[in-house]
Amino acid sequence: MKVALASDHGGVNIRKEIANLMDILGIEYQDFGCECDGSVDYPDYALPVAQKVASGEFDRGILICGTGIGMSIAANKVKGIRCALVHDTFSAKATRAHNDTNILTMGERVIGPGLARDIAQIWLTEEFEGGRHATRVGKISEYENK
Ligand SMILES: O=C(CO)[C@H](O)[C@H](O)COP(=O)(O)O
């Protein structure tokens, strides 16, 4: 699995935490910044990462901003992306098992690094269950492809 990782200025610390987690787990990833001295605009990071995942260049994406919301809104505009904003471990598991999400977002101004790490680890390792969930995800793709 190859993961594209990025944050805006509001998510730098959790982005570094997740990079460290993926180093430990032996997960291949590329860090697309930001190299933030000051303020940047989250769509400039969310959209390129989402495009890389949608194109198949990367299997998954993880995006961090202050709330996770802006990154999530932007990523979900890209065709083929199922992005989940997650701030609890139950949803981290469920959104992989049920929604087959390919991008995870979190907000550094919402949760701490320990919880973010746990959420990322679950999301990176949980499998999609398929079955009835595949039917439902398929309906979303069908709508998107109309
Ligand atoms: O969470 C975010 C987007 O959803 C951003 O990180 C947040 O809006 C940045 O705010 P500021 O420019 O005030 O640091």
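Give me the lowdown on the environment of Phe90, citing residues and values where you can.
Relative to the assigned elements, Phe90 resides in helix H4 (residues 89-97). For Phe90, a relative accessible area of 66% gives the class exposed. Each C-alpha atom of the pair Phe90 and Trp123 lies 10.0 Å from the other, and the pair is 33 residues apart in sequence.

Run through a nonpolar patch on the surface, naming residues and quoting values.
Judged by side-chain polarity, Ile69, Ile73 and Leu85 come together as a nonpolar surface patch covering roughly 250 Å² of accessible area. Here Leu85 is to be found in strand E4 (residues 83-85).

Could you give an account of the pairing of strand E2 (residues 28-31), with specific residues and numbers?
Taken together, the 4 bridges between strand E1 (residues 2-7) and E2 define a ladder with parallel strand orientation. Each bridged residue has a counterpart across the sheet, and for Val3 the counterpart in E2 is Tyr29. In this view, the connection linking E1 to its parallel neighbour E2 by way of helix H1 (residues 12-25) has right-handed handedness.

How would you explain the nonpolar core if you had to name every residue and give the values?
Counting 21 residues, the largest nonpolar core has Ile18, Met22, Ile62, Leu104, Met106, Ile119 and Leu124 as its most contacted members. Sequence-distant contacts of Leu124, defined by excluding residues within four places in its chain, comprise Met1, Val3, Leu21, Met22, Ile27, Arg60 and Ile62. Counting residues in each nonpolar core, the second largest holds 19 residues, with Ala4, Phe58, Ala75 and Cys83 among its members.

Account for the packing of aromatic side chains, with residues named and values stated.
Taken as a whole and assessed by the stated rule, the structure comprises 1 aromatic pair. On the numbers, 5.6 Å between centres and 80 degrees between planes, the contact of Phe32 with Phe58 is edge-to-face. Residue Phe32 is found in the loop between E2 and helix H2 (43-54), and its partner Phe58 is found in the loop between H2 and strand E3 (60-65); the two are separated by 26 residues along the sequence. Owing to a relative accessible area of 2%, Phe58 belongs among the buried residues under this scheme. Positioned above the aromatic ring of Phe58 is the side chain of Lys2, whose terminal nitrogen or guanidinium carbon lies 4.8 Å from the ring centre. It is Arg60 that lies over the ring of Trp123; its NZ or CZ is 4.7 Å from the centre.

Can you tell me about the site of the ligand, naming the residues and giving the values?
As a matter of local geometry, the ligand sits amid Asp8, His9, Tyr42, Cys65, Gly66, Thr67, Ile69, Gly70 and Arg109. Separating an oxygen atom of the ligand from a side-chain N or O atom of Asp8 is a distance of 2.6 Å. Gly66 has a polar backbone atom sitting 2.8 Å from an oxygen atom of the ligand. In the complex, the protein chains occlude 63% of the 380 Å² of accessible area that the ligand would expose alone. Class assignment of the residues belonging to the shell around the ligand gives a composition of 3 nonpolar, 4 polar and 2 charged.

How would you summarise the environment of Leu85 if you had to cite specific residues and measurements?
Looking at Leu85, the relative accessible area reads 36%, which means it is partly exposed. Measuring from C-alpha to C-alpha, the distance between Leu85 and Ile103 comes to 8.7 Å, with 18 residues separating the pair along the chain. With near-sequence residues (within four places) excluded, Leu85 lies in contact with Thr67, Gly68, Ile69, Ser72, Thr105 and Met106.

An account of the pattern of salt bridges is requested, with residue identities and associated values reported.
Taken as a whole and judged by the stated rule, the model has 5 salt bridges. Here Glu17 ties to Arg117 by a salt bridge, and the two come within 2.9 Å at their closest N and O atoms. In this pair, Glu17 sits in helix H1 while Arg117 sits in helix H5 (residues 113-125), placing the two residues 100 residues apart along the sequence. A relative accessible area of 19% places Arg117 in the buried class.

Cut-offs and rules
Starting afresh in each chain, residues are numbered from 1 along the sequence in its written order. Side-chain atom pairs in this predicted model are given and counted only at pLDDT of 80 or more, local residue features only at pLDDT of at least 70, and totals for whole chains, interfaces and linings cover all residues. Only hydrogens and water are set aside when side-chain values are computed; all heavy atoms of the structure are taken into account. Here a helix means four or more residues in a row that DSSP labels H or I, a strand means two or more in a row labelled E, and each is numbered from the N terminus. Note on exposure labels: buried denotes an accessible area under 20% of the residue type's maximum, exposed denotes more than 50%, and partly exposed covers the range between, all computed with a 1.4 Å probe on protein chains only. Here a patch means residues that are over 30% exposed by relative accessible area and free of salt bridges, tied together within 9 Å if like-charged and within 5 Å if nonpolar (Val, Leu, Ile, Met, Phe, Trp, Tyr). Areas reported as accessible are Shrake-Rupley estimates using a 1.4 Å probe. Residue values count occlusion only from the protein chains shown. When a carboxyl oxygen of Asp or Glu lies within 4 Å of a side-chain nitrogen of Lys or Arg, that pair is called a salt bridge. Pairing between two strands is assigned when DSSP locates at least 2 bridges connecting them. When the strands point away from the viewer, a crossover counts as right-handed if the path from the first strand over the helix to the second runs clockwise. We call a set of buried residues a nonpolar core when its members are Ala, Val, Leu, Ile, Met, Phe, Trp, Tyr or Cys and they connect through side-chain atoms within 4.5 Å of each other. Here, two residues are considered to be in contact whenever any of their heavy atoms come within 4.5 Å of each other. Only centres within 6.5 Å qualify two rings of Phe, Tyr or Trp (six-membered ring in Trp) as a pair; their planes then separate them into stacked at under 30 degrees, edge-to-face at over 60, and tilted for everything else. Whether a charge sits over a ring depends on NZ of Lys or CZ of Arg being within 6 Å of the ring centre and within 35 degrees of the ring normal. The nearness test applies per residue and asks whether one of its heavy atoms lies within 4 Å of the molecule or strand. Counting of polar contacts relies on pairs of N or O atoms within 3.5 Å, with two restrictions inside protein: one atom must be capable of donating a hydrogen and the other of accepting it, and residues adjacent in sequence are counted only when both atoms are side-chain atoms. Any residue outside Ala, Val, Leu, Ile, Met, Phe, Trp, Tyr, Cys, Pro, Asp, Glu, Lys and Arg is labelled polar, Gly included; the first ten of those are nonpolar and the last four are charged.

Don't take any of this as a statement about function, it's just geometry.
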